[in-house]
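The lines below spell out each chain.
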Amino acid sequence: MVIAALHDLIDPAAARRIVLKIGSSLLVDGAGCPRAEWLESIAGEIADFRAAGREVVVVSSGAIALGAARLGLERGGRGSLADAQAAASVGQIALASLWSEKLAARGLTAAQLLLTLDDLEDRRRYLNASSTLARLLESGAVPVVNENDSVATQEIRFGDNDRLAARVAQAVRADAVLLLSDVDGLFDRNPREAGARLVPVVDGIDDAVRAMADGGSASGLGSGGMTSKLQAAEIAERAGIALAIVNGTHRAPIGRALEGGVGTVFLPRRRDGARKAWLGGRLRDRGALVVDVGCAAALAQGGSLLAAGITAVEGAFERGDLVAIRDPAGAAIARGLAEYGAAECHALKGLRSADHARVLGYAPRAAVVHRDHMVML
Ligand code: GLU
């Protein structure tokens, strides 16, 4: 069945495997205490899903907010990286026990998985995480995932659980992601402005949609905001996964949002193969290759990237690293794994394949980025 509206996600056949992302402000109140009753109601909804033969992976925020209150740290523990790491370390243990207790009360077994960005960016580790999640679901457990904030440093962290949820959804080949937030969904302008309207369905994210998101998290507790939700939606869209933003602040919010149809659903678009979807959803490029107009057109036709079309090389990447491919106007048009390192790309740029061996002394590959290792954006 094709998902065309939020309401369609009620159907277990349309969305059997679901990733549920829960923001900090839903789990933790302003004083840094867990919102136990709310958590009980969501555990009830998860149990109902399971009883209907559906599988749920929870991506839960709240570690930093919970830990900051316990340690008495200012700014909700987000004043510095060191504070966030310490807060997460204290808060995660509390968060895990809350989930384990509330799910157990519904007869469900919670499983904890703490991931860093690299666990999902590195192909081998991604496959490991993916098979662990699959095995847990098969065994009937409810995986509860969070970023491993206490060891993640600035350069190597997701920083928000929206994109983490989209990457996890990819890893478990989920049908849908539900981002439970403290807003109703995506509005066509800042929701505080008069006349702002909720956008019920987005069929393809473009610049007009991006312009609707305005940064900042409304609650101040999480780090998400609409921008990271849109980035998550782009990852999901490319992987052929529906993503919805719904308001989680009510009791039993999932049923309420899906039945009432209140929220924003981003329709799945492309069903890239698993490997290409993983590639397209990767978050860190090591460098970039700028190409000329002719080359950009050839890539759009499904061709590989040849050195002759490269006009500039940026960054210090090595063979096998992920690079962005940009058109002459600077827009990223594709992303792929480089067959050559940056120094070799510099030497080869603008040259036809026949000249490569003369310049490098070797020429093992004709393409700089092969089309099998590239996704168009
Ligand atoms: N991982 C963070 C936490 O558990 C939350 C990140 C976010 O706000 O999205 O507190």
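Source: prediction; values computed, not measured.

### Here's the deal with the side chain of glutamine 85
Then, in step 1: Relative to the elements of secondary structure, glutamine 85 occurs in helix 4 (residues 81–104).
Then, in step 2: What glutamine 85 contacts, discounting residues up to four positions off in sequence, is Asp149, Ser150, Val151, Ala152 and Thr153.

### Remarks on the pattern of salt bridges
Then, in step 1: Taken as a whole and judged by the stated rule, the model has 20 salt bridges.
Then, in step 2: Among the salt bridges present, the one from arginine 352 reaches aspartate 355, with a minimum N-O distance of 3.9 Å.
Then, in step 3: Taking the relative accessible area as the measure of exposure, arginine 352 reaches 54% and is therefore exposed.
Then, in step 4: Here the salt bridges do not stand alone but share partners, grouping Arg16, Arg17 and Glu55 into one network.

### Comments concerning the pairing of strand 12 (residues 332–337)
Then, in step 1: Of all six residues that make up strand 12, five are buried, and the element is covered over most of its length.
Then, in step 2: With five bridges joining them, strand 11 (residues 322–326) and strand 12 adopt antiparallel strand pairing. Across the sheet, valine 323 pairs through a bridge with glycine 336, a residue of strand 12.
Then, in step 3: The antiparallel pairing of strand 11 with strand 12 creates a hairpin that spans five residues between the two strands, and glycine 330 there sits at a positive phi of about 95°.
Then, in step 4: With three bridges connecting them, strand 12 and strand 13 (residues 374–376) associate as antiparallel partners. Paired with glycine 336 across the two strands is methionine 374, which belongs to strand 13.

### Here's the deal with the sheet that holds strand 4 (residues 142–147)
Hydrogen bonding along the main chain pairs the strands of a sheet, whether they run parallel or antiparallel.
Then, in step 1: Read from one edge to the other, the open sheet built from eight strands follows the order 3-4-2-1-5-7-8-6, with strand pairing classed as mixed. Single-partner strands in this sheet number two, and they are strand 3 (110–115) and strand 6 (201–202).
Then, in step 2: Direction of pairing for strand 5 (residues 176–181) relative to strand 7 (residues 242–247): parallel, over a ladder of six bridges. From the neighbouring strand, alanine 176 faces strand 7, where its bridge partner is alanine 242.
Then, in step 3: Seen against the sheet, helix 2 (residues 36–51) touches strand 1 (17–22), strand 2 (55–60), strand 4 and strand 5 and runs at an angle of roughly 155° to strand 2.

### Side note on the UniProt feature "binding site: ATP" (unreviewed entry) in the protein
Then, in step 1: In this structure's numbering, the residues bearing the UniProt feature "binding site: ATP" (unreviewed entry) are Lys21, Ser181, Asp182, Ser223, Gly224, Gly225, Met226, Thr227, Ser228 and Lys229.
Then, in step 2: For threonine 227, the position within the fold is in helix 9 (residues 225–238).
Then, in step 3: Accessibility expressed as a relative area gives 36% for threonine 227, which makes it partly exposed.

### Remarks on the sheet that holds strand 9 (residues 287–291)
Then, in step 1: Taken together, the five strands give an open sheet; going across it, the order is 10-9-11-12-13, and neighbouring strands pair in mixed fashion. One side of each edge strand has no neighbouring strand; the edge strands of this open sheet are strand 10 (310–315) and strand 13. Neighbouring strand axes in the sheet, compared pairwise and without regard to direction, differ in orientation by 20° on average.
Then, in step 2: With four bridges connecting them, strand 9 and strand 11 associate as parallel partners. Looking across to strand 11, one finds that alanine 288 is bridged to alanine 324.

### Comments concerning the UniProt feature "binding site: substrate" (unreviewed entry) in the protein
Then, in step 1: Per the UniProt annotation, the sites labelled "binding site: substrate" (unreviewed entry) are Ser61, Asp149 and Asn161. On the basis of their most widely separated C-alpha atoms, the annotated residues across 101 residues gather in one place, lying no more than 10.7 Å apart.
Then, in step 2: Looking at where serine 61 falls in the secondary structure, it is placed in the loop between strand 2 and helix 3 (63–71).
Then, in step 3: Under the relative-accessibility criterion, serine 61 is labelled buried at 9%.
Then, in step 4: Here serine 61 is in contact with Lys21, Ile22, Gly23, Ser24, Leu27, Leu95, Asn146 and Asn161, once residues within four sequence places are set aside.
Then, in step 5: Here aspartate 149 lies in the loop between strand 4 and helix 7 (161–171).
Then, in step 6: What makes aspartate 149 buried here is its relative accessible area of 9%.

### Some details on the environment of alanine 307
Then, in step 1: Structurally, alanine 307 is set in the loop between helix 12 (293–300) and strand 10.
Then, in step 2: What makes alanine 307 buried here is its relative accessible area of 1%.
Then, in step 3: Considered as a pair, alanine 307 and leucine 289 are 18 residues apart in the sequence and their alpha carbons are 9.7 Å apart.

### Some words on the nonpolar core
Then, in step 1: Core analysis: the biggest nonpolar cluster contains 48 residues, and Val19, Val145, Val168, Leu243 and Phe266 have the highest contact counts within it.
Then, in step 2: In this view, valine 19 contacts Val57, Val59, Ala165, Val168, Ala169, Val172, Ala174, Ala176, Val177 and Leu178; residues no more than four positions away in its chain are not counted.
Then, in step 3: By size, the runner-up hydrophobic cluster in this structure holds 47 residues, among which are Leu95, Leu108, Val142 and Val144.

Criteria and thresholds
- Residues numbered from 1 in each chain as written.
- Predicted model: local features only at pLDDT ≥ 70, side-chain atom pairs only at ≥ 80, totals over all residues.
- Heavy atoms only, no water.
- Helix = DSSP H or I, 4+ residues; strand = E, 2+ residues; numbered from the N terminus.
- Contact = heavy atoms within 4.5 Å.
- Salt bridge = Lys/Arg side-chain N within 4 Å of Asp/Glu carboxyl O.
- Buried < 20%, exposed > 50% of the residue type's maximum accessible area, 1.4 Å probe, protein only.
- Pairing = 2+ DSSP bridges.
- Axes fitted to C-alpha atoms, helices over the stretch in contact; angles between N-to-C directions.
- UniProt positions renumbered as here; feature names shortened; annotations may be inferred.
- Core = buried A, V, L, I, M, F, W, Y, C linked by side-chain atoms within 4.5 Å.

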